[in-house]
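Coordinates in review
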Amino acid sequence: KHILEFSSVFKNQFNNHTWQNNKDGDIIICPGLENDPTATKSVEQFVEDSYTKIREHTDRNIFVKPHPGSLIDYSKYDEIDKKTPLKNLKERLYCAVLDNSTSIFELTFLGIPCFTSSANFGYKLKNNDLSKINEIYYSDKHEMKQWYNEMAHTEFTFAEISSSHKTETDILNYIRELIEWK
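Residues numbered from 1 in each chain as written. Predicted model: local features only at pLDDT ≥ 70, side-chain atom pairs only at ≥ 80, totals over all residues. Heavy atoms only, no water.

Some words on the sheet that holds strand β5 (residues 114-116)
Spatial ordering of the open sheet is given by β3-β2-β1-β4-β5, a layout of five strands whose pairing is parallel. Both outer strands of the open sheet, β3 (78-79) and β5, are each paired with one neighbouring strand and no more. Here three bridges tie strand β4 (residues 93-98) to β5, and the two strands are oriented parallel to one another. When the sheet's bridge partners are listed, L98 is paired in β5 with T116. Running at roughly 160° to strand β1 (residues 26-30), helix α2 (residues 43-57) makes contact with β1, β2 (62-64) and β4 of the sheet. Across the face of the sheet, helix α3 (residues 103-110) comes into contact with β1, β4 and β5 while running at roughly 160° to β4. (Pairing = 2+ DSSP bridges. Helix = DSSP H or I, 4+ residues; strand = E, 2+ residues; numbered from the N terminus. Contact = heavy atoms within 4.5 Å. Axes fitted to C-alpha atoms, helices over the stretch in contact; angles between N-to-C directions.)

Laid out in structure tokens, this is it:
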């Protein structure tokens, strides 16, 4: 049953992507995991720079959701529990701000626009300048379908899914969460 529900939602979002953000909502900063070699800067610096730049252009509430594996304390900001699924935050989100995070996939699927660095898969979605935080570019359904097609095989390789390493459990748990979407 869950697979059919997820399949239907995914098919609809893939073919007719709709933005579903809360126009009066909050901004979430989703830093990657510390020591990630693909980051454009340290996650602490990314959060600080993003927060400062956003605050120059809006008075919206800004909060940080640490990477689930992060050990960094972000309590000097409004912080969301790192174990909170993004789908549980959907109703309150105006947009997200990401560096190299793969959260771009879940957030865009949820219909939440993302401002990204040049290191992020979402860079092609044209929200790359935080000074335009109040002027979100909403890719149309054709742009989104093209982007989804380009991104379709970037998350996991067959070898990663079929390996017997620790990552297999993490990958299977992630896939299970997507399949059991509610």
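Brief notes about the state of the cysteines
In protein structure, a disulfide is the covalent linkage between the sulfur atoms of two cysteines. Taken as a whole and assessed by the stated rule, the structure comprises zero disulfides. Looking at C30, it has no disulfide partner, and the nearest cysteine sulfur is the one in C114, 7.5 Å off. In this structure C30 comes out as buried when scored by relative accessible area, which is 3%. The buried category is assigned to C114, whose relative accessible area is 5%. (Disulfide = S-S within 2.5 Å. Buried < 20%, exposed > 50% of the residue type's maximum accessible area, 1.4 Å probe, protein only.)

Some words on α3
Taken across its eight residues, α3 has seven buried, putting it largely inside the fold. Backbone geometry just after α3 places G111 at a positive phi near 90°.

Examining the packing of α3 against helix α4 (residues 141-151)
One can describe the packing of α3 onto α4 by two numbers: an axis separation of 12 Å at closest approach and a directional angle of 150°. Classed by the angle they form, the pair α3 and α4 counts as roughly antiparallel. Seen along the crossing, α3 lies across α4 with a hand that is left-handed. Counted together, I104, F105, T108 and F109 of α3 and M144, W147, Y148 and M151 of α4 form the full contact between these two elements. (Parallel < 35°, antiparallel > 145°, perpendicular 65-115°, else oblique. Left-handed = near helix turned anticlockwise from the far one by under 90°.)

Things to note about the pattern of salt bridges
Taken as a whole and judged by the stated rule, the model has six salt bridges. Of the charged contacts in the structure, one is a salt bridge between K124 and E150, with a shortest N-O distance of 2.9 Å. Note that K124 is positioned in the loop between β5 and α4 and E150 in helix α4, a separation of 26 residues in sequence. Accessibility expressed as a relative area gives 34% for E150, which makes it partly exposed. Notably, a salt bridge pairs E143 with K126, separated by 3.3 Å at the nearest N-O pair. Of the two residues, E143 sits in helix α4 while K126 sits in the loop between β5 and α4, which places them 17 residues apart along the sequence. (Salt bridge = Lys/Arg side-chain N within 4 Å of Asp/Glu carboxyl O.)

Focus on the nonpolar core
Core analysis: the biggest nonpolar cluster contains 23 residues, and I28, L86, L89, L93, L107 and W147 have the highest contact counts within it. Excluding residues within four positions of it along the chain, L86 makes contact with I28, C30, K65, S103, E106, L107 and L110. Among the nonpolar cores identified, the runner-up in size contains 18 residues, and I27, V47, I62 and I72 belong to it. (Core = buried A, V, L, I, M, F, W, Y, C linked by side-chain atoms within 4.5 Å.)

Points about the pairing of β1
Of all the five residues making up β1, five are buried; the element is thus mostly covered by neighbouring parts of the structure. Here β1 shows a buried face lined by D26, I28 and C30 and a second buried face lined by I27 and I29. As paired strands, β1 and β4 are joined by five bridges and run parallel to one another. Counterpart to C30 in the pairing with β4 is L98. After leaving β1, the chain enters α2 and then returns to the sheet as β2, a path that is right-handed. (Right-handed = clockwise from strand over helix to strand, strands pointing away.)

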